[in-house]
Amino acid sequence: MKLYNTLTRNVEELKPLHAPEVTVYTCGPTVYDYLHVGNWFTYVREDTLIRTLLASGFKPKWVMNITDVGHLVSDADDGEDKLEKGARREGKTAWDVAKFYTAYFEKGLERLNIVQPDHLPRATEHIAEQIELIKKLEEKGYTYTISDGVYYDTSKFPSYADLARLDLDEQEAGKRVQFNTEKRNVGDFALWKFSPADRKRDMEWDSPWTPPGAPEGSRKGFPGWHIECSAMSMKYLGETLDIHAGGIDHLPVHHTNEIAQSEAATGKQFSRHWMHSNHITIDGEKISKSLGNGITLEDIEAKGISLEAFRLHVLESHYRSQSKFSWDSLQAAQNRLKSWQAFADLRFQALNTDDYTGPDYMAYLGDVQRALHDDLNTPRALAIISGAEAGSVQEPITNGEIENFNAFLEYIDDVLGLRLLVSKDVDDEIKQLIAHREAARTAKDWAKSDELRDQLAKQGIGLRDTSHGAVWYRL
Ligand code: AMP
Ligand code: ZN
């Protein structure tokens, strides 16, 4: 299986350290507000990676963190903690905000049919692990303490710019204006932040650190955002990951910092493979909470569009392309899904003969697999499935091919999670109506035939007449 690796900027064969196990860490949500479709695009794409690994005989071990403390409004380690901001907005504590949106997120994973990660660790439940890691960095001389926190000295880590191919000189020159003058280098980032001297935070903990000049133990604090991912990925998956994934916005700062912390602490490569999901735009702008253009899953359902249709819409673009969200394409995806559901319902309508001259569904399965193994090429996989669906209109499925047809559908559901196989066969009453209508048609009793067709339509069943008889589908 091949995947693009941001580290090398090449599509590479995936070679897990301990195959068939594949350790995967993905950066999860900051739980201070409802998630928008941009977030869910990223998670569905990561789910496609996991599903493809599973269907290919790998044993992915998947950890996705939940950021419930320490993610500041600005990437420059200042501004408010997003959780505290959410708490103020809602008149609740940061703890209550975290609890509410964590539950909302977990429900969303389930509703979108995203594979349950092996662990969904919360940052607030791993404070000790984060402190331990910072202590390790301190012992190795990578940290320094200033008035607002303990910082990582990026100049001590020579390959700091590698992953994102950053131009540090340019950064240094460009950011002077907003530069915290106590920091040694513009890219240095907080590992531990001190609570303000004059205000108690909802979430704060004791630590071995205090601001210079303050009495020891006099100030509580909280972890910087980046350290949680290093600490929790190491705890659950070991010091070297096979794949680390996340949104592309994390590349220049968050993932760059994760590597610096982890590799400085362990002396080992942090992740062998980096996968980045590109931005989703709406009306030409990135979807983001701050721009207020964040459509939610509830908004989609309110328009009568299913979450499976949303999933199909996500899969219509390649994860590395900058993709657009629009209501028109979502509606088109809903229509496409409907015809795929009718395609899947053909499994109940195989002709009772072993003769079969139609397409080979195992060959289609192989084609879809090859597309996914080629850097998760979901648009190509979808085109193959639509091709198979078009073929089925010409050539009926027969008992001779039904096993392969079912295997093909099962594979699609396994890798794409579209729930095509949840539908049931129509009941006997409907089957009888269909048979009566066929008889009326053969007898050229058109009035009766039309009446029966209307009766079926009222029960949500449509008919398509073919050379081998009527095929039913759900309206
Ligand atoms: P956040 O909660 O802001 O840290 O975002 C959670 C995840 O969603 C991260 O992996 C982000 O990269 C991703 N994300 C946020 N906005 C978008 C967007 N417009 N398109 C795609 N992914 C996004
Ligand atoms: Zn992370």
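Residues numbered from 1 in each chain as written. Chains lettered and ligands numbered in written order. Predicted model: local features only at pLDDT ≥ 70, side-chain atom pairs only at ≥ 80, totals over all residues. Heavy atoms only, no water.

Examining the overall build of the protein
Stated formally: To qualify as a helix, a DSSP run of H or I must reach at least 4 residues; to qualify as a strand, a run of E must reach at least 2; elements of each kind are numbered from the N terminus. Contacts are assigned to residue pairs that have any heavy atoms within 4.5 Å of one another.
Looking only at helices and strands, the protein has 15 helices and 15 strands in total. Along the longest, intermediate and shortest principal axes, the C-alpha atoms of the protein span 100 × 45 × 35 Å. Put simply, 76% of the contacts in the protein that link residues at least 6 apart link residues at least 24 apart.

A word on unusual backbone geometry
Residue Pro 20 is bonded to the preceding Ala 19 through a cis peptide linkage, with omega at 5 degrees. Its location among the elements puts Pro 20 in the loop between strand 2 (10–13) and strand 3 (21–26). Of note, Asn 113 is a non-glycine position whose phi angle comes to about 60 degrees, a positive value. Along the chain, Asn 113 falls in the loop between helix 3 (94–111) and helix 4 (127–139).

With respect to the coordination of the zinc ion (ligand 2)
Which entries qualify depends on this criterion: The donor set covers N, O and S atoms within 2.8 Å of the metal, switching to 3.2 Å for Na, K and Ca, and it leaves out water, so a site may look short of donors.
Coordination of the zinc ion (ligand 2) by the protein is provided by Cys 27 (SG), Cys 229 (SG), His 254 (NE2) and Glu 258 (OE), with metal-donor distances spanning 2.0 to 2.4 Å. Ordering the donors of the zinc ion (ligand 2) by residue number gives the pattern C-x201-C-x24-H-x3-E. Here Glu 258 lies in helix 7 (residues 251–266) and Cys 27 lies in the loop between strand 3 and helix 1 (37–55), a separation of 231 residues in the sequence.

Some thoughts on the site of ligand 1
Note the following rule: Proximity criterion: a residue is near a molecule or strand once any of its heavy atoms comes within 4 Å of it. Identification of polar contacts relies on pairs of N or O atoms within 3.5 Å, with a donor-acceptor requirement for protein atoms, meaning one able to donate a hydrogen and the other able to accept it, and with residues adjacent in sequence counted only if both atoms are side-chain atoms. In these tables, accessible area is a Shrake-Rupley quantity obtained with a 1.4 Å probe, and a residue counts as shielded only by the protein chains included in the view. Three classes are used: nonpolar for Ala, Val, Leu, Ile, Met, Phe, Trp, Tyr, Cys and Pro, charged for Asp, Glu, Lys and Arg, and polar for all others, with Gly counted as polar.
In the vicinity of ligand 1 lie 16 residues, with Asn 39, Thr 42, Asp 249, Ile 280 and Ile 287 positioned nearest. Here a nitrogen atom of ligand 1 sits 3.1 Å away from a polar atom, N or O, in the main chain of Gly 38. When isolated, ligand 1 has an accessible area of 480 Å², and the protein chains bury 94% of it. At four residues, the largest contribution of residues to the shell around ligand 1 is made by helix 1. Taken together, the residues of the shell around ligand 1 break down into four nonpolar, ten polar and two charged.

Looking at the sheet that holds strand 6 (residues 149–152)
Counted only if it meets this: Pairing between strands is defined by DSSP: at least two bridges between the two strands are required. Helix axes are fitted only over the stretch in contact, all axes being lines through C-alpha atoms; the angle between N-to-C directions runs from 0 to 180 degrees.
The four strands are arranged 5-6-7-8 in an open sheet whose pairing can be described as antiparallel. Looking at strand neighbours, the two that pair on one side only are strand 5 (143–146) and strand 8 (221–223), the edges of this open sheet. Taking each pair of neighbouring strands and ignoring which way they run, the sheet shows an average axis angle of 25 degrees. As paired strands, strand 7 (residues 189–194) and strand 8 are joined by three bridges and run antiparallel to one another. Residue Lys 193 lies in a different strand from strand 8, and its bridge partner there is Phe 222. Along the sheet face, helix 4 touches strand 5, strand 6, strand 7 and strand 8 and points at about 120 degrees away from the line of strand 7.

A word on the sheet that holds strand 10 (residues 271–277)
Strand order in this open sheet of four strands is 4-3-9-10, and the pairing throughout is parallel. Only two strands of the sheet have a single partner each, and these edge strands are strand 4 (59–64) and strand 10. In this sheet, neighbouring strand axes are inclined to one another by 20 degrees on average, regardless of whether the strands run parallel or antiparallel. Strand direction decides the pairing type here: strand 3 and strand 4, joined by six bridges, are parallel. Looking at the pairing, Glu 21 lines up with Lys 59 of strand 4. Contacting strand 9 (241–247) and strand 10, helix 7 runs over the sheet at an angle of about 155 degrees to strand 9.

Looking at the domain arrangement of the protein
Heads up, the condition is: By convention here, the domain bounds are inherited from an automatic or database domain assignment. By convention, the term buried area covers the 1.4 Å-probe accessible surface removed from two parts as they join, with the contributions of both added.
Per the domain assignment, the segments making up the protein are domain 1 (2–277), domain 2 (291–422) and domain 3 (428–474). A C-alpha centroid distance of 35 Å is found between domain 1 and domain 2. Opposite the 29 residues of domain 1 that make contact, domain 2 presents 33 residues. The three residues of domain 1 that bury the most area against domain 2 are Val 37, Phe 41 and Arg 111, which together make up 24% of that side's buried surface. At the surface where domain 1 touches domain 2, the tally comes to 19 residue pairs in polar contact (both at pLDDT 80 or more). Broken down by secondary-structure element, the contributors of at least two residues to the side of domain 1 that touches domain 2 are strand 1 (2–5), helix 1, helix 3 and strand 10. Top element by residues in the side of domain 1 that touches domain 2 is helix 1. It accounts for eleven residues.

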